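Chain by chain, the residues:
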Amino acid sequence: MTAPKSKALPHVLTDEQVAQFRHDGYLLIENVLTPGETDHYRSVILDLVPRDLAFPQEWRVADGRIKPHRLHEDQTFDVPGLIPLMGNETLYQVMAQLHDTYRLRAFDGSIGITLRNDAHPDQVRSQRLHLDASVPPDTDFLFTAQELQLGGCYYLTDVEPGGGGIHVVPRGHRLVEEEVRAAGSAGVNGRELYGNWQHIAHLKSIEVSGAAGSFVLLHHLMPHAASHNRRPTARIAHFMRYVPVPHAHGAHVPLPHDRYDDTQLAAMTPLTRKLLGLDPWG
Ligand SMILES: O=C(O)CCC(=O)C(=O)O
Ligand SMILES: [Fe+2]
């Protein structure tokens, strides 16, 4: 099934940026948010941090990285103040341009705050390089447009080198595809390599630094990892992903309707409602 095209939407990225993303598998897109929006969302996130630093039991705190959880085992922090960021129009236009369809489903909405960490001077990354679970572990990669998942994070603080920027592997999405296909030709299940691609040790990564208001865009086959922050500025990031509707592995399916209360619903524009799967694209 071919989804309708995105011709009517403005093209935010230049042809060079699109080519660079397709080649490298990642792209730093600057000025996705205005300085005012950046300051606003950074404040919303900082206001979630309890003043006494007694983090709720369901939050994860590891190696200087704070991962707020709205619910137990649920990283999506879709409080009313962050719902407009989940429906951000500029990033939606970027995603529609790259997916070549305006019918998208947006999700994730998780937050990562990386504090300065003086420990582990011999390490750069605080996580192993991994792929996120966008393709179910018991399912083969398809390498099709209907499987494509484009995600990444907004930087809401300036992220300087060594400041906790996300690590990526240049051309990593191609290296993963080549390895999976080669394994298949040799009769090995390439989907299951490296613990379902959760523990990738053989690829070299680089850190993506960038100014506040940028979005670091990643292909779903891009090996990536969090890094230790050696600088005083806490790195504040907000994660989003976009898939075409329908998505090959069902990532377009909306969350249950009763997830949203009146305050969340009131924060949604018509675009946000479509992106969250509450209304059909028509
Ligand atoms: O915080 C980061 O820079 C990356 C985090 C990440 O990839 C993850 O938690 O899956
Ligand atoms: Fe990840």
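Cut-offs applied
Residues numbered from 1 in each chain as written. Chains lettered and ligands numbered in written order. Predicted model: local features only at pLDDT ≥ 70, side-chain atom pairs only at ≥ 80, totals over all residues. Heavy atoms only, no water. Helix = DSSP H or I, 4+ residues; strand = E, 2+ residues; numbered from the N terminus. Rg over C-alpha atoms; globule rule 2.2 N^0.38 Å. Buried < 20%, exposed > 50% of the residue type's maximum accessible area, 1.4 Å probe, protein only. Contact = heavy atoms within 4.5 Å. Areas by Shrake-Rupley, 256 points an atom, 1.4 Å probe, with all protein chains shown as cover. Lys, Arg positive; Asp, Glu negative; His and termini not counted. Charge placed at Lys NZ, Arg CZ, Asp CG, Glu CD. Arc of directions from axis to C-beta. Salt bridge = Lys/Arg side-chain N within 4 Å of Asp/Glu carboxyl O. Axes fitted to C-alpha atoms, helices over the stretch in contact; angles between N-to-C directions. Parallel < 35°, antiparallel > 145°, perpendicular 65-115°, else oblique. Nonpolar A, V, L, I, M, F, W, Y, C, P; charged D, E, K, R; others polar. Near = heavy atom within 4 Å. Polar contact = N/O pair within 3.5 Å; in protein donor to acceptor, adjacent residues only side chain to side chain. Donors = N, O, S within 2.8 Å, 3.2 Å for Na, K, Ca; no water. Tetrahedral: all angles 85-135°; square planar, octahedral: opposite > 155°, others 65-115°. Pairing = 2+ DSSP bridges.

Enquirer: Help me out: how do you make sense of the overall build of the protein in this one?
Expert: From N to C terminus, the protein includes 8 helices and 10 strands. In terms of overall dimensions, the protein is globule-like: its C-alpha atoms have a radius of gyration of 18 Å, near the 19 Å expected for 282 residues. Taken over 282 residues, the protein has a buried fraction of 49%. Here the contacts in the protein between residues at least 6 apart in sequence split such that 84% fall between residues at least 24 apart. Of the accessible surface of the protein, which amounts to about 13300 Å², a share of 53% is contributed by carbon and sulfur atoms. In the protein, 26 side chains carry a positive charge and 33 a negative one; their mean positions are 2 Å apart.

Enquirer: Please explain helix α1 (residues 15-24) as it appears in this structure.
Expert: Every α-helix carries 3.6 residues per turn, so stepping three or four residues along brings you back to the same face. Among the residues of α1, Val18, Phe21 and Asp24 are the ones counted as buried. On an axial view of α1, the arc spanned by its buried residues comes to 150°, and they lie on one face. In α1, the exposed residues that point more than 90 degrees away from the buried face are Asp15 and Glu16. Contact partners of the buried residues in α1: β1 (26-29), α4 (89-99), β5 (150-155), α5 (172-185) and β8 (215-219). Just downstream of α1 lies Gly25, where phi reads positive at about 85°.

Enquirer: Honestly, the pattern of salt bridges in this entry has me stumped. Any pointers?
Expert: Pairs can form between side chains of opposite charge once their charged atoms are near each other. By the definition in use, this model includes 11 salt bridges. Close ionic contact of Arg241 with Asp108 constitutes a salt bridge, the shortest N to O distance being 3.3 Å. Highlighted residues: Arg241 in strand β10 (residues 235-244) and Asp108 in strand β4 (residues 104-114), separated in sequence by 133 residues. By relative accessible area, Arg241 is classed as buried at 18%. With its nearest N and O atoms 3.5 Å apart, the salt bridge here joins Glu178 to Arg171. Residue class for Glu178 comes out partly exposed when judged on its relative accessible area of 45%. For Arg171, a relative accessible area of 29% puts it in the partly exposed group. Taken together, the shared-partner salt bridges connect Arg70, Asp74, Asp78 and Arg259 into one network.

Enquirer: Can you help me understand the packing of α1 against α5 in this one?
Expert: When two helices pack together, their arrangement is given by the angle between their axes and by how far apart the axes lie. Where α1 contacts α5, the axes come no closer than 6 Å and their chain directions differ by 40°. Here α1 lies oblique to α5, going by the angle between them. On the side of α1, the interface is formed by Phe21, Arg22, His23 and Asp24, while α5 contributes Gly172, His173 and Arg174. Residue classes in the contact of α1 with α5 are distributed as 1 nonpolar, 3 polar and 3 charged.

Enquirer: For this particular structure, what's the right way to read the site of ligand 1?
Expert: Taken together, Arg65, Gln127, His130, Asp132, Ile166, His224, Ala226, Arg235 and Phe239 make up the full set of residues near ligand 1. Side-chain polar atom of Gln127 to an oxygen atom of ligand 1: 3.1 Å apart, as the coordinates give it. Here an oxygen atom of ligand 1 sits 3.0 Å away from a polar atom, N or O, in the side chain of His130. Look at ligand 1: alone it shows 300 Å² of surface, and the protein chains cover 89% of it.

Enquirer: Can you walk me through the coordination of the iron ion (ligand 2) in this structure?
Expert: Metal coordination angles in their ideal form are 109.5 degrees for the four-donor tetrahedron and 90 or 180 degrees for the six-donor octahedron. The protein atoms donating to the iron ion (ligand 2) are His130 (NE2), Asp132 (OD), Asp132 (OD) and His224 (NE2), with metal-donor distances spanning 2.1 to 2.7 Å. For the iron ion (ligand 2), the 6 donor atoms are set out with angles of 50 to 165° between them, so the coordination reads as irregular. Here the donor residues for the iron ion (ligand 2) map to a single chain with the spacing H-x1-D-x91-H.

Enquirer: Looking at this structure, how should I read the sheet that holds strand β7 (residues 206-207)?
Expert: Within a beta sheet, neighbouring strands are joined by backbone hydrogen bonds and run either parallel or antiparallel to one another. What the 3 strands build is an open sheet, ordered β7-β6-β9; its pairing is antiparallel. The sheet is open, and its two borders are formed by β7 and β9 (224-225), each paired with just one other strand. In this sheet, β7 lies alongside strand β6 (residues 167-168) in antiparallel orientation, the contact comprising 2 bridges. Within β7, the residue paired with Val168 across the bridge is Ile206.

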